[in-house]
Structures are given as C-alpha cells and as structure tokens.
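Single-letter residue listing:
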Amino acid sequence: MINLKNVNFRSRLILVAVLLAFALVFVGCSNDLQEDDLNNNLTVTNSTVSEQISSDLDQIILTFNKEIAEFDIASGLEDFDIELNGKDVVISNLQLENDQDYLVKYTATATDNSDLSGKLPFSTNTNETSAASMYSSNSGEVNRTLMQTFYWEMNEGDYATQYPEESDLWNLLANRAGELAEVGITSLWLPPANKAFGGGFDVGYGTYDLWDLGEFDQKGTVRTKYGTRNQLENAISALDGAGLEVLFDVVFNHRMGADETEWVQLSQDSPSRPGEWIQAYTKFNLAGRQAHYSRANEWQWDSASFTGTDWDAATQSGGRFLFEGKTWANTYEWDDDYLMGANVDYYNYGPNGEAYANTRVIEEMMEWGEWITNEIGFSGFRMDATKHIDNNFIRDWINHIQANTSHDAFFVAEAWINDVDSLKGYMDSVGTSNMHVFDFPLREAFGELRDGNLDMRWLGGRGLVNGGYGYDYRAVTFTDNHDTSRDHNDYGVTPINNRAYQAYTYIMMREFGTPTIFWKDYYQFGMKDGLDKLIEARRDFAYGPGYEVDSNDYNTYSYVRAGSADRPGSGLVMMITQETHGGDIYKWVNARQPNTTYYDYTGNVEGTVTTNDHGWGEFRVRGTAAEGWSVWVPVQ
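Residues numbered from 1 in each chain as written. Predicted model: local features only at pLDDT ≥ 70, side-chain atom pairs only at ≥ 80, totals over all residues. Heavy atoms only, no water.

**Focus: the pairing of strand 22 (residues 410-413)**
Side chains of strand 22 alternate between two faces, with F410 and V412 and F411 and A413 buried alike. Bridge analysis of strand 21 (residues 380-383) against strand 22 gives 4 bridges, and the strand direction is parallel. Its bridge partner being in strand 22, M383 is matched across the sheet by A413. In this fold, the crossover linking strand 21 to strand 22 by way of helix 7 (residues 391-404) has right-handed handedness. Examined bridge by bridge, strand 22 and strand 23 (residues 435-438) share 3 bridges and lie parallel to one another. Bridged to V412 within strand 23 is H436. (Buried < 20%, exposed > 50% of the residue type's maximum accessible area, 1.4 Å probe, protein only. Helix = DSSP H or I, 4+ residues; strand = E, 2+ residues; numbered from the N terminus. Pairing = 2+ DSSP bridges. Right-handed = clockwise from strand over helix to strand, strands pointing away.)

Below is the structure:
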C-alpha cells in the first residue's frame, strides 16, 4: 500500500488507499483458490479516484507485494529520481506545477519477473485536503452519472413508428449532446458499435467484425443498426466537445456469423459428442479487420481462435462442443466459460494448471483496444458477459489499455451475479481495481421495493455499493437495462415498473457508486422530467459524507449527504417510501447542517424545513408509489 509513515502532510502525496484486488495468474481448471495463488502476480494498492495534493509534493512511495527489480515512469512526470528499496519504490525530487492534473503511468517488474502496469492520477493545488474528504466528496469534481443510450427494441415495431429519430442513433446522440451534458449526464454507454451477425438489424451482441464500425459492406449492410462509421465519429466528436465520456460496449466472449465451416475434432472432455468430428462455423473473412489490423495478413480467425461452439452444420444439431486440444477458460464460477456462438480462446490450461496463452488472439485484442480508444476516440468500455471470459485476459486487457492509451479509461464489467459476496469474489479473481461492475445485488433489492415488500431498515446495507472499502466506489448502480427491461421478458426478469423513481433516488444520491440512467425509462416511459430533477440534484447537491438515519423503518428510508466545502450550498436529505396511505410521512433527521432551510427539489412535497442549532429538522415524504420520493436541498 502507499507508505504514509513518517511522511509530512504538506510534502507527501496523500493517496486514498483503495483496495486493488489481488491480481491472479490463476492456472489450472479449478476455481478453488489457494492462499498461494493470491501471491502469484505483482500488486500495489493505489487510488483510482482523482487526488488533490499540495503542489510542493516532493516524494511518492509505492509498496508492492514483492521485491522490485525494475521500475519505470512511462509518462506523466518529467523531473524525478527513483530509488528501489526491496518492496518499496521511492519517486522523489518532484517538480510539480500548481493547479495541474497529472496522470503518471508506470511499469514495475519484480525479482520473479512478474510485472504490472499502473497509473497514479492526481491534481495539485495549494490547499491541504484530507484523504477522507477526497474519497467522499469527489474532490470538487462533478459527480459521474452514466446513461445507457439504447434499449433492446430500439427502432423496431411500434418504437420505430413512435420514435423515428432513433433509426439514426449516432446522429441523434450528436444532436442531444448539449442537452444531456447540461442536465448533468457525464458519461454515455453506447450500444456495440461494430458489425454484428444480424447486420443492420442486430442490437450488436452477435459480434462479427470488431474492426468494422459501419464502414464495409458485410452481413448485407455497410452501416450498423445505429449508423455509419463517419456518423459514429461525428457523434463522438460532438459528445467529447460537450464534455461527455463515451463508452464502447465490447463483446469479448464470442463471435457469430462465420463465413465458412471447418471440420473440427472434439476433445474427449467435450460435454457433447466427445472425440467426434463436427462441421463448425469458425472461419471468418473480416473486411474491417483486414483494413485496420496491422497483422491481418499473417493469420485468419478460424478454429484455432476458438475453444468451442454450439452448432454442428453437418448434422444440423446443437450441443456444447469443446474442441480437441482446448480447455475451458479460468472463470470465477467453474465450468461457466461457454455462453454462445464461437467461444473465443484466450487461454488454455495444462493438466498441472499451467496456462498457455493464445498469443495472436490476445495481441489483436490489445491492438484493437488501443485503436478504438486512441484513433476512434472512445474513453471507456462496458464489457459484456465478463463472468464467461478468462479472468487473466480481462485483467491484462484492462491494465494494458490503461497503460497504453491517451485516456484515463472507465471500465465496467457486466457480471450478472446477484449475490454480493460472490460478486466480490469475482472482482477479486479478476484482480484489477480499474474494473467497476454493475451492482446486480442492489437491483435485486429494487425488485422487492417494486413489489412493496422491501425492509427499508436494511437498505443501507444492500448491494455492492454498500459492500465496504475497495468495493463500494467500484459499483455501477442501475434500475433496469436492455436485458432486464425487455417487452417480451426474455430473461424472466420483471422490470422495475413500480416505484422506479424511489430506486433512482436511492442510487443518484448515494455517496458511492456510479448511477446509470436507462434510455427507455428516460424517453419511452415518460420519466424524463422527474429524472432530470434527480440528475440535477446529484450534480449540484450530492456531495460530502453520507449518513444513514436511525429513524428508518420497514417502509420508509432516509439518507443524508452532509455537503462539501468544495461545493458551497451542497448537501441533502433524501427520503423514499413504499407506503401507499397517501398522507405525508414525517421523520426527525439530522441533516448535518445547523440553521439551514431546505426545500424538496423534486417538488413532490411543498414548503420548507429549517434545521435547528444542531442540524435537526422534521422532513417529509409523500406516502404514495407515484410521489414517494423527495430530495431536500438547501435553499440557495
């Protein structure tokens, strides 16, 4: 961890100790992690939030879990000295300028040749700022709020008739960039922008050619469902100009729509038809890859690029087919590798657990990540179905992109795991603090809230967002997405179609986590006006430490943000309820701001509340499903 012992506050970097989960080189075909496995990779505890430090900083000390043989600063600092002292790396004699943002990229190699690439982001000023306040108040930066910009049925059926503008999503996003940024959205999650198996009708998850962004005539179309490459790049330019992050939704797990079949023998360990031969769709002729990948002429995606598939063209029958010479990946839940299509091969494992990298596939994905970031302009990634992908690859790819691109990228993984401890275990098994994850356990609580049977007394402990130090800030919270809110309920999951505002109020005002606004809720389900109020309240008031409230009961939950000196006038009292009696519910709450007058920013409750000399006041929320959500903020 960062060594702060005997370090003067004014002359040392105060880095928030955010847990970097153990990075694993987990070899073998079992997920029964032994203690020795946790020491395989080089790790360091560092901060993934923006830091503010004094500009007279003169020394940084990093402590690793192993003795360091080599350490290098790749970029971010010009004048410095490096001293290696066992497990400690001392970076000294720094010459920093005031009011500057720094992103220091480094590489470290241990004496056992394990290595690590990492980043240290921080900002300088002349004021002393405590580590605690930086961690809780976002250091004066505007709170991140993510919007998912699509839904499963977009531009289909009645939606195409009612919302014709969505037929050209890239153009629509470019046109709406200003208004989304103005209301307080900071980041946009775009649908998969590459050519997919279904051509112009594919949502994007049937990945065919990652390098074709609507540029080549493949699968019956040049454009994707959302537009052409030129339109995409114009949209990214407009979004970037409005100050918005843009996330690419990438599918690493599988490929679909192969152009040719190959005869492939199956492994004796194949779940279906062991040892037999099948005719597999595994040969891809990819025009986008041919045009943009530097080594496209050296090899082609064929059966050597995959571990298995689910269809035999010769017998026109399905199965779970593992190819000869291949093994399933190192996934958190054992035997959870195969999902669909031609399963991409990143690593195979020997009988003694030794790992064998499919180097050419991994190298292409590394180069693609650099290209989509540096050349196309994406600034982050939503990674699809990651619990089905080799953990070693996910970790190494994230760390590689962070170390080799111009952006301080934001990564969020979709690991559909509803249990908090299991989700933490998954994060630990991947082993990089750069990876955020969607908070599916919290959404489970919202299902109970929807039905009116959530015990609100314990809501402050539900979900990964309340999972403790090192996990809470890495939660990406949401109410619904393109999978959970489908018209035909493909996954057997009921949308949050009741008390959705209560759920949004909870995630938008929380101290930790990155909340997500769902496009379908915002535009199709008529929630825009109410959500705008919550987005604005998060942008302007949701700062400072968060406090649970002792008076929470089975049906009503309150939560306080104390406000931050970096954000004058900030702070709030949030109240949500599942009561339905129609009257007002009163709660005596310590708002942490004495003699301050508050009003309900949502407009659901009229009037004001003025706190006493000790910060206490009687706040209210309406006891109805439609209006049972209030955010009380200081009168400006």
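**Details of the side chain of T309**
Turning to its location among the elements, T309 is positioned in strand 16 (residues 306-312). What makes T309 buried here is its relative accessible area of 4%. A distance of 3.5 Å separates a polar side-chain atom of T309 from the backbone oxygen of G341. Among residues more than four places away in sequence, those in contact with T309 are I278, A280, G319, R320, F321, F323, Y338, G341 and A342. (Polar contact = N/O pair within 3.5 Å; in protein donor to acceptor, adjacent residues only side chain to side chain. Contact = heavy atoms within 4.5 Å.)

**Observations regarding the packing of helix 7 against helix 8 (residues 420-430)**
With their axes 8 Å apart at the nearest point, helix 7 and helix 8 run at an angle of 65° to one another. Put simply, helix 7 runs roughly perpendicular to helix 8. Facing helix 7, whose interface residues are N391, I394 and R395, helix 8 presents Y426, S429 and V430. Its residues assigned to classes, the contact of helix 7 with helix 8 comprises 3 nonpolar, 2 polar and 1 charged. (Axes fitted to C-alpha atoms, helices over the stretch in contact; angles between N-to-C directions. Parallel < 35°, antiparallel > 145°, perpendicular 65-115°, else oblique. Nonpolar A, V, L, I, M, F, W, Y, C, P; charged D, E, K, R; others polar.)

**A look at the sheet that holds strand 30 (residues 597-600)**
Sheet strands line up and pair through hydrogen bonds in the backbone, either parallel or antiparallel. Across the sheet, 6 strands lie side by side as 26-27-28-33-30-31; this open sheet has antiparallel pairing. Of all strands in the sheet, those with a lone pairing partner are strand 26 (546-548) and strand 31 (608-610), marking the two edges. With strand direction ignored, the average angle separating the axes of adjacent strands in the sheet is 25°. Lying over the sheet, helix 10 (residues 500-509) contacts strand 27 (556-561), strand 28 (572-577) and strand 33 (629-634), oriented at roughly 150° with respect to strand 28. Across the sheet, helix 12 (residues 528-541) is in contact with strand 28 and strand 33; its angle to strand 33 comes to roughly 35°.

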